[in-house]
Amino acid sequence: MRIGIGYDSHRFAPGRRLVLGGVEVPHALGLAGHSDADAVAHAVTDAVLGAVALGDIGAHFPPSDERWRDADSLELLRQAVALAQAAGYAIGNVDVTVVCEAPRLGPHVPAMRERLAAALGIGAGAVSVKAKSNEGMGWIGQGEGLAALAVALVQPLGGEARQAEG
Ligand code: MG
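Please read these numbers as outputs of a predicted model, since none were measured by experiment.

Enquirer: Which residues make up helix H1 (residues 39-51), and what are the values?
Expert: Between its terminal C-alpha atoms H1 stretches 18 Å, which fits the 18 Å expected from 13 residues at 1.5 Å a residue. When you tally the buried positions in H1, you get twelve out of 13 residues, the bulk of the element. Taken together, the buried positions of H1 are occupied by Ala39, Val40, Ala41, His42, Ala43, Val44, Thr45, Asp46, Ala47, Val48, Leu49 and Ala51. Positioned one or two residues after H1, Ala53 has a phi angle of 55 degrees, which is positive.

Below you can see the structure in the form of structure tokens.
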């Protein structure tokens, strides 16, 4: 088995959608970014790429590439999963923490788990999403933006994974 870690942060901005884990969350502010700025999907993508030592999201999907403008970040995640599978690994489980002062994300966690799980090709029971505030401290506490941290476990394709394929 191998494990990878991912981190991402985005700044809040007016006139943007707030998309986290593939779920559009109603809020006065969205997140600035070249793609849909889904910091949760980006952190999970980096965790998957990290687990198989295949670089990072910026190397595979550079913001300089117009293909990724306003991109659905779950599609980037699906591509990262395909890269991991091509390297001989299946996704085991994923755990995410989102650090965000507002809005409250708890009610959206079940939908985020479902959307992420579908992109990862695993069951929602293997995808954990937890939301934390930053207790009012620092740039997150003052609502400048939010951050997401993720870990992903991968295992060599074979055994159950191979049976599922066949
Ligand atoms: Mg990002």
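Enquirer: Explain the coordination of the magnesium ion to me, and be specific about the residues and the numbers.
Expert: Taken together, the protein ligands of the magnesium ion are Asp8 (OD), His10 (NE2) and His42 (ND1), with distances of 2.1 to 2.2 Å. Within one chain, the residues serving as donors to the magnesium ion are arranged as D-x1-H-x31-H. Of this pair, Asp8 sits in strand S1 (residues 2-13) while His42 is found in helix H1, placing the two residues 34 residues apart along the sequence. Residue His42 is classed as buried on the basis of its relative accessible area, which comes to 9%.

Enquirer: So what's going on with the pattern of salt bridges? Residues and values would help.
Expert: Tallying each qualifying case throughout the model produces eight salt bridges. Among the salt bridges present, the one from Asp72 reaches Arg78, with a minimum N-O distance of 3.9 Å. Its relative accessible area of 37% is what places Asp72 among the partly exposed residues. When its relative accessible area of 35% is taken as the criterion, Arg78 is described as partly exposed.

Enquirer: Mind laying out helix H4 (residues 109-120), listing which residues take part and the relevant values?
Expert: End to end, H4 covers 16 Å across twelve residues, agreeing with the expected 16 Å (1.5 Å per residue, within 8%). On its buried face, H4 is in contact with strand S2 (19-20), strand S3 (23-24), H1, helix H3 (73-86), strand S5 (89-99) and strand S6 (127-132). Within two residues after H4, Gly121 carries a phi angle of roughly 75 degrees, on the positive side.

Enquirer: I'd love a proper account of the side chain of Thr97, names of residues and values included.
Expert: Mapped onto the elements of the fold, Thr97 is located in strand S5. Here the side chain of Thr97 touches Lys130 through a polar contact of 3.1 Å, side chain to side chain. In this structure Thr97 touches Lys130, Lys132, Ala147, Ala148 and Leu149, once residues within four positions along its chain are discounted.

Reading the values: the criteria
Residues numbered from 1 in each chain as written. Predicted model: local features only at pLDDT ≥ 70, side-chain atom pairs only at ≥ 80, totals over all residues. Heavy atoms only, no water. Helix = DSSP H or I, 4+ residues; strand = E, 2+ residues; numbered from the N terminus. Expected span 1.5 Å × (residues − 1). Buried < 20%, exposed > 50% of the residue type's maximum accessible area, 1.4 Å probe, protein only. Donors = N, O, S within 2.8 Å, 3.2 Å for Na, K, Ca; no water. Salt bridge = Lys/Arg side-chain N within 4 Å of Asp/Glu carboxyl O. Contact = heavy atoms within 4.5 Å. Polar contact = N/O pair within 3.5 Å; in protein donor to acceptor, adjacent residues only side chain to side chain.

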